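Working through the structure, step by step
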Amino acid sequence: MKTLFLGTPSLAVPFLDALAKKTQIVSVITSPDQPAGRGYQVKAPPVKQAAQRLGLAFEQPEALKDASWLEAVQKLTPDVGIVVAYGKLLPRKLLDIPKYGFLNVHFSLLPAYRGAAPIQWALINGERETGVTLFWLDEGMDTGPIFIQKKIEVGDQDAESLRSSLVSLGVQGLNEALAGIEKGEIRKEPQIGPGSRAPMLKKDDGEIHWQLSADRIVNLLRGTTPWPGAFTRYKVQGNPARLKVIEAQAFSETGSGGPGTIWRVAGEEGIIVKCGQNSLKLTQVQPEGKKAMPAWNFWQGARLHVGDQFESV
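Residues numbered from 1 in each chain as written. Predicted model: local features only at pLDDT ≥ 70, side-chain atom pairs only at ≥ 80, totals over all residues. Heavy atoms only, no water.

A word on the pairing of strand β11 (residues 239-251). With seven bridges connecting them, strand β10 (residues 230-236) and β11 associate as antiparallel partners. Among the inter-strand pairings, Lys-235 is bridged to a residue of β11, identified as Pro-240. In this antiparallel pair of consecutive strands, β10 and β11, the connection spans two residues, and Gln-237 shows a positive phi of 50°. Bridge count for β11 against strand β14 (residues 279-287) is eight bridges, and the pairing is antiparallel. Looking across to β14, one finds that Ala-250 is bridged to Leu-280. (Pairing = 2+ DSSP bridges. Helix = DSSP H or I, 4+ residues; strand = E, 2+ residues; numbered from the N terminus.)

Structure (structure tokens):
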């Protein structure tokens, strides 16, 4: 079976590796090289690096509607296209090229969490179950009919560990899909139920709002790991500073003061902060411009007092 692969980040690489073992990949389409890091050196996307490692032909088109480029893709005569986190909507003329169409791997149980950050928002919203959906692309945003859907329990995972679990599950789903296509067993089931959105995270989405329950704030920490990270604000000699919360636990006890109040310090166990419901025990934090440290070490140098308050916008 001749396949065309579209993807960009490291998340997509295991799918390209799996596809290379099962099919003839006629081309890999990925995003152009971009400046990255402090020095803004131009860096190839992980999928391009993987294609080079595998000895596969690849392209990095700036635009997907160029007529000569589309004609070249058509001459490759792919049977099916596989898309994993490519980052762009595909135009109709490209969607029509593969014999069977384009199959997209999405990391949620569609129609829930359509968009760029389904893993993170599922965790932020406290979902107990999520999964992977392989669906046929149309011109909408994650709206096409479903081929395969696989579920997983979220447990206590954060965004990094859940991403790893979902990639493994998605590769299983891709292998099942390829076997089905080869046998002519192709399903196109409509998405059923209300849809929800999962837009790309912004830096300020990590802001802790202390009026929320401790459990919801823990979910925010899990969903924003490693980026943008959950953070709060405190005063340093009267000036506001950010404090990133790396690790924290919901704590059933509560003390006096409003949400955000530091009502007890439990030594090396951490700093206990009042929430809208219950409390949050901060155990690992990162002050602005410094390395991560135990909350107790931060407390010893921060010149804060019991009764002081972390702030929310």
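With that settled, the discussion passes to unusual backbone geometry. Following Leu-110, the chain continues into Pro-111 via a peptide bond in cis, with omega recorded as 15°. Inspection of the secondary structure puts Pro-111 in the loop between β7 (102-106) and α5 (118-124). Here the bond from Trp-227 into Pro-228 is cis, since omega is 5°, no more than 30 degrees from zero. Here the phi dihedral of Tyr-113 falls at roughly 60°; this positive angle occurs in a residue that is not glycine. Under the relative-accessibility criterion, Tyr-113 is labelled buried at 8%. (Buried < 20%, exposed > 50% of the residue type's maximum accessible area, 1.4 Å probe, protein only.)

Counting 39 residues, the largest nonpolar core has Phe-5, Phe-15 and Phe-107 as its most contacted members. Element by element, the count of residues in this core is highest for helix α6 (residues 159-183), at ten residues. When neighbours within four sequence positions are excluded, Phe-5 is seen to be in contact with Ala-12, Phe-15, Leu-16, Leu-19, Ser-27, Val-28, Ile-29, Val-47, Ile-82 and Val-84. If you look at the next biggest cluster of nonpolar residues, it comprises 34 residues, including Ala-122, Ala-198, Leu-201 and Phe-298. (Core = buried A, V, L, I, M, F, W, Y, C linked by side-chain atoms within 4.5 Å. Contact = heavy atoms within 4.5 Å.)

Among the residues of helix α2 (residues 46-54), Val-47, Lys-48, Ala-50 and Ala-51 are the ones counted as buried. Down the axis, α2 shows its buried residues gathered within 160° of arc, on one side only. Tucked inside the fold, the buried residues of α2 contact β1 (2-7), α1 (13-22), β2 (24-29) and β5 (58-59). Gly-55 lies just past α2 and shows a positive phi near 70°. (Arc of directions from axis to C-beta.)

The next point concerns the environment of Lys-88. Among the structural elements, Lys-88 can be located in the loop between β6 (80-84) and α4 (92-95). Judged by its relative accessible area of 34%, Lys-88 is partly exposed. The spacing of Lys-88 and Arg-264 is 176 residues in sequence and 49 Å in space, taken between C-alpha atoms. Among all residues touching Lys-88, those that are not within four sequence positions of it are Pro-61, Glu-62 and Leu-64. Of note is the side chain of Lys-88, whose polar atom sits 3.1 Å from the backbone oxygen of Glu-62. (Polar contact = N/O pair within 3.5 Å; in protein donor to acceptor, adjacent residues only side chain to side chain.)

Next up on the list: the packing of aromatic side chains. Taken as a whole, this structure holds four aromatic pairs when the rule is applied. When the ring of Phe-15 is compared with that of Phe-107, the centres are 6.1 Å apart and the planes differ by 65°; the resulting orientation is edge-to-face. A residue pair is termed long-range when its members are at least 10 positions apart, and Phe-15 in helix α1 and Phe-107 in the loop between β7 and α5 qualify at 92 residues. Overall, the relative accessible area of 0% leaves Phe-15 in the buried class. An angle of 20° between the planes, with centres 5.6 Å apart, marks the rings of Trp-136 and Phe-147 as stacked. Linking Trp-136 in strand β8 (residues 129-136) with Phe-147 in strand β9 (residues 146-153), this pair joins segments that are eleven residues apart in sequence. Note that Lys-188 overlies the ring of Trp-136, its terminal NZ or CZ placed 5.3 Å from the centroid. Of note, Arg-242 hangs over the ring of Phe-231, and the distance from its end group to the ring centre comes to 3.9 Å. (Phe/Tyr/Trp six-rings, centres within 6.5 Å; stacked < 30°, edge-to-face > 60°. Lys NZ or Arg CZ within 6 Å of the ring centre and 35° of its normal.)

Turning to the environment of Leu-169, a few remarks are in order. With respect to the helices and strands, Leu-169 occurs in helix α6. Since its relative accessible area comes to 12%, Leu-169 is described here as buried. In sequence terms Leu-169 and Thr-133 are 36 residues apart; their C-alpha atoms lie 9.9 Å from each other. Each residue touching Leu-169, except ones within four places of it in the same chain, is listed here: Gly-131, Val-132, Lys-150, Lys-151 and Ile-152.

Purely geometric numbers; function is a separate question.
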